[in-house]
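Here is what each chain is made of, one letter per residue.
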Amino acid sequence: MLLAVLYCLLWSFQISTGHFPRACASSKNLMGKECCPPWRGDGSPCGQLSGRGSCQDILLSNAPSGPQFPFTGVDDRESWPSVFYNRTCQCSGNFMGFNCGNCKFGFSGPNCTERKLLVRRNIFDLSISEKDKFLAYLNLAKHTISLDYVIPTGTYGQMNNGSTPMFNDISVYDLFVWMHYYVSRDTLLGGSAIWRDIDFAHEAPGFLPWHRLLLLLWEQEIQKLTGDENFTIPYWDWRDAENCDICTDEYMGGHHPANPNLLNPASFFSSWQIICSQLEEYNSRQALCNGTQEGPLLRNPGNHDKARTPRLPSSADVEFCLSLTQYESGSMDKTANFSFRNTLEGFASPLTGIADDSQSSMHNALHIYMNGTMSQVQGSANDPIFLLHHAFVDSIFEQWLRRHRPLQEVYPEANAPIGHNRESYMVPFIPLYRNGDFFVSSRDLGYDYSYLQDSDPDSFQDYINSFLEQAGRIWPWLLGAAVAGAVLTAMLAGLTSLLCRHRRKQLPEEAQPLLMEKEDYHSLLYQSHL
């Protein structure tokens, strides 16, 4: 009853964010390659009259990509978003958004000057009313059409280079499902030809930053949609789980009594229709997912390929991931060894760190275990468990960042698979965000995790461990600098001593100062600092 009341009350709010701004979907915008909509607050493009931002050319990185994608100029996602737009809003200060109408993550207030820190909590720590509110928010987002964004149903070429726009409406929830499909879909090469070895959000360095941004935007849009500025996505801590303990009607939906592949009718997720799940059909037609409903949500947890995924991840698996010091390594794809990213994503063993294409572990293990809609990459975000799962994956990423405190330069600048370099803009987001922008602590982005707050006393030890690791790698340089500094100090001390003796010879003994003059004192002090 409470869910129904909340659902009805929330229908009055309708706002969204995501991919193509509705205001930039006209032939004029596409052919002019400009997306600089007016901010509603003053009516000027990008809120320029209010100092929020201005319309500027997009500067693309020219860093080379890896060899995995051997084509150029065949995919709309290459050099994102230049196929569609080469001018967008560049926001100033703490402003953000396709028209600079929002605040950057971690800021709020009319002028985006107020810092805020929200906390994502374990779903089992929510009260009954908090849990029911979360489920109501999900259902509201699923059934509310986005006012601000639309999805393209054809490629730029199929739109006759923008002269014939092809766009559909989409719900707030399904907008993010569509984005997850679009970023990981195959490349359409024309005729019946496709290229499968491409993904702008998986199997490469951008996996963790990309999903971090997706969750932040989803969270932000639910906050706007509901007016609940303190809303955060809960996480599911699946370490050492023996079964899907959130797969009950009280939470994310239990088994259908007659068909184990469906959800129990007692769960309102049983009425959800999925989209973007028929990749082979789209490929055969050289078409994009257009948001058409394709059937009910499927899930049969535990009845999966146990040879590929024998168990769910353990606490020891997570700890091994966190012990890996390299974020990325080698070819920076799913064959990378001893890579934190590749091991957490699930393409390398959490026992050895060695890539193993016969096993799906860690992040991948949860997708395989769900044995349904969530087990297919392109359509996996249809299942709301996706949000809880990726929130916990993000928390492990956050633990690694706090433990190892990497500089942003640790994130690969060049030679990563296409779309995954540090300065590459992430597909398919407008406004634009770079991969490297989210290789920072979650606290800098305005959120934290409840179980990481509880472990803050260990952060000093993590800092010391990280410092010792880095010092061990640069000790030859430190030793050389220390020797050079000692020699320089000795030379300066000798020179000062000679000057002082020369000066004393020039003065009668009774005329020599008992205290050093001011200039001498500062000279000695400077030497001591050296």
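The rules behind the values
- Residues numbered from 1 in each chain as written.
- Predicted model: local features only at pLDDT ≥ 70, side-chain atom pairs only at ≥ 80, totals over all residues.
- Heavy atoms only, no water.
- pLDDT = per-residue confidence, 0-100.
- Contact = heavy atoms within 4.5 Å.
- Helix = DSSP H or I, 4+ residues; strand = E, 2+ residues; numbered from the N terminus.
- Buried < 20%, exposed > 50% of the residue type's maximum accessible area, 1.4 Å probe, protein only.
- UniProt positions renumbered as here; feature names shortened; annotations may be inferred.
- Salt bridge = Lys/Arg side-chain N within 4 Å of Asp/Glu carboxyl O.
- Expected span 1.5 Å × (residues − 1).
- Polar contact = N/O pair within 3.5 Å; in protein donor to acceptor, adjacent residues only side chain to side chain.

Colleague: Pulling in residues and values, what's your account of the confidence of the model for the protein?
Modeller: Of all residues in the protein, 82% have pLDDT values of 70 or greater, and the mean over the chain is 88. Segment residues 457-478: pLDDT under 50, and 12 contacts once partners within four positions in sequence are set aside and those in other chains are kept. This stretch, residues 502-530, has a pLDDT under 50; its non-local contacts, to residues over four places away or in other chains, come to 13 contacts.

Colleague: Can you tell me about unusual backbone geometry, naming the residues and giving the values?
Modeller: With an omega of 0°, the peptide bond between tryptophan 80 and proline 81 qualifies as cis. Along the chain, proline 81 falls in the loop between strand S3 (53-57) and strand S4 (87-91). Looking along the chain, the bond that leaves isoleucine 430 and enters proline 431 is cis, with omega of 15°. Relative to the assigned elements, proline 431 resides in the loop between helix H10 (385-404) and strand S14 (447-449). The residue glutamine 286 is not glycine, and still its phi comes out positive at about 50°. Structurally, glutamine 286 is set in the loop between helix H6 (279-285) and helix H7 (315-323). For methionine 332, which is not a glycine, the phi torsion comes out positive at approximately 60°. Mapping methionine 332 onto the fold places it in the loop between H7 and helix H8 (340-345). Its relative accessible area of 10% is what places methionine 332 among the buried residues.

Colleague: Requested: an account of the UniProt feature "domain: Tyrosinase copper-binding" (unreviewed entry) in the protein, with residues and values cited.
Modeller: Following the UniProt record, one finds the feature "domain: Tyrosinase copper-binding" (unreviewed entry) at residues 202-219 and 383-394. In residues 202-219, helix accounts for 72% and strand for 0%; the two terminal C-alpha atoms are 21 Å from one another. Taken end to end, residues 383-394 comprises 83% helix and 0% strand; its first and last C-alpha atoms sit 18 Å apart.

Colleague: Break down the pattern of salt bridges for me, with residues and values.
Modeller: All chains considered together, the criterion is met by 28 salt bridges. With its nearest N and O atoms 2.7 Å apart, the salt bridge here joins aspartate 317 to arginine 311. Judged by its relative accessible area of 42%, arginine 311 is partly exposed. Here glutamate 398 makes a salt bridge to arginine 402, at a shortest N to O gap of 2.7 Å. Placement of the pair is glutamate 398 and arginine 402 together in helix H10, with a separation of four residues, close to one helical turn. When its relative accessible area of 0% is taken as the criterion, glutamate 398 is described as buried. In this structure arginine 402 comes out as buried when scored by relative accessible area, which is 15%. By sharing partners, the salt bridges in this structure join Arg120, Arg212, Glu219, Asp394, Glu398, Arg402, Arg443 and Asp448 into a single network.

Colleague: Could you give an account of helix H5 (residues 207-226), naming the residues involved and the relevant values?
Modeller: End to end, H5 covers 29 Å across 20 residues, agreeing with the expected 28 Å (1.5 Å per residue, within 8%). Directly after H5, the chain includes glycine 227, whose backbone phi takes a positive value near 80°.

Colleague: Quick one: what's the story with helix H3 (residues 128-142), residue by residue and with numbers?
Modeller: With 15 residues, H3 should cover 21 Å at 1.5 Å per step; its first-to-last C-alpha distance of 21 Å lies within 8% of that length. The element H3 is largely enclosed, with a buried count of 11 among its 15 residues. Turning to H3, its buried residues number three or more, namely Lys131, Asp132, Phe134, Leu135, Ala136, Tyr137, Leu138, Asn139, Leu140, Ala141 and Lys142.

Colleague: Can you explain the side chain of arginine 212? Please cite residues and give values.
Modeller: The topology assignment puts arginine 212 in helix H5. Looking at arginine 212, its side chain comes within polar contact range of the main-chain oxygen of valine 440, at 2.6 Å. For arginine 212, the contacting residues outside a window of four places in its chain are Asp394, Phe397, Glu398, Leu401, Phe438, Val440, Ser441, Ser442, Leu445 and Tyr447.

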